[in-house]
Amino acid sequence: MENDKILLEKISSGDEQAFRSLFDLYRQKVYAYAFKICKSDIQAEDVLQHVFLKIWQHKHLKEIVNFQS
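Described in the following lines is the structure provided in the data block.

How each quantity is defined
- Residues numbered from 1 in each chain as written.
- Predicted model: local features only at pLDDT ≥ 70, side-chain atom pairs only at ≥ 80, totals over all residues.
- Heavy atoms only, no water.
- Helix = DSSP H or I, 4+ residues; strand = E, 2+ residues; numbered from the N terminus.
- Rg over C-alpha atoms; globule rule 2.2 N^0.38 Å.
- Buried < 20%, exposed > 50% of the residue type's maximum accessible area, 1.4 Å probe, protein only.
- Contact = heavy atoms within 4.5 Å.
- Areas by Shrake-Rupley, 256 points an atom, 1.4 Å probe, with all protein chains shown as cover.
- Lys, Arg positive; Asp, Glu negative; His and termini not counted.
- Charge placed at Lys NZ, Arg CZ, Asp CG, Glu CD.
- Salt bridge = Lys/Arg side-chain N within 4 Å of Asp/Glu carboxyl O.
- Core = buried A, V, L, I, M, F, W, Y, C linked by side-chain atoms within 4.5 Å.

## Some thoughts on the overall build of the chain
Inference 1: Looking only at helices and strands, the chain has three helices and zero strands in total.
Inference 2: A globule of 69 residues ought to have a C-alpha radius of gyration of about 11 Å, and the chain, at 12 Å, matches this closely.
Inference 3: Seen through its C-alpha atoms, the chain measures out along the principal axes to roughly 35 × 20 × 15 Å.
Inference 4: Expressed as a percentage of its 69 residues, the buried residues of the chain come to 28%.
Inference 5: The long-range fraction of contacts in the chain, counting pairs at least 24 apart against all pairs at least 6 apart in sequence, stands at 54%.
Inference 6: A total accessible area of about 5100 Å² is found for the chain, and carbon and sulfur atoms account for 54% of it.
Inference 7: Between the averaged position of the 10 positive side-chain charges in the chain and that of its 10 negative side-chain charges there is a distance of 3 Å.

This is the structure:
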């Protein structure tokens, strides 16, 4: 969880490598959750991309306490 906070701080500063690390850490979890709801590979991939696009577009994430939840 502390690692997530550090990554979010770096992402807030525009650090693309930190964003990639966050993506790598959470892509399977986000995809699995989306697939569970959508029951479609294509839709789950779309949700995954949309979630991380929003994270990158709204980089002011320092105040997030528990990213995993």
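And the narrative resumes.
## Structural notes on the pattern of salt bridges
Inference 1: Using the criterion set out here, one finds one salt bridge in the structure.
Inference 2: The residue Arg-20 makes a salt bridge to Asp-24 at a minimum N-O spacing of 3.3 Å. Taken together, the residues span about one helical turn, with Arg-20 and Asp-24 both in helix H2 (residues 16-38) at a distance of four residues.

## Brief notes about the nonpolar core
Inference 1: Ranked by size, the top nonpolar core spans twelve residues in total: Leu-7, Leu-8, Ile-11, Ala-18, Phe-19, Leu-22, Phe-23, Tyr-26, Leu-48, Phe-52, Ile-55 and Phe-67.
Inference 2: Put simply, the parts of the chain that give this core at least two residues each are helix H1 (2-12), H2 and helix H3 (41-57).
Inference 3: Of the residues forming this core, the biggest block, five residues, is contributed by H2.
Inference 4: Here Phe-52 is in contact with Phe-19, Leu-22, Phe-23, Tyr-26, Arg-27 and Val-30, once residues within four sequence places are set aside.

## A few points about the environment of Phe-67
Inference 1: In this fold, Phe-67 is placed in the segment after H3.
Inference 2: On the basis of relative accessibility, which here comes to 18%, the residue Phe-67 falls in the buried class.
Inference 3: A sequence separation of 45 residues divides Phe-67 from Leu-22, and the C-alpha atoms of the two residues are 9.9 Å apart.
Inference 4: Apart from residues no more than four positions distant in its own chain, Phe-67 is found in contact with Asp-4, Leu-8, Leu-22, Tyr-26 and Ile-55.

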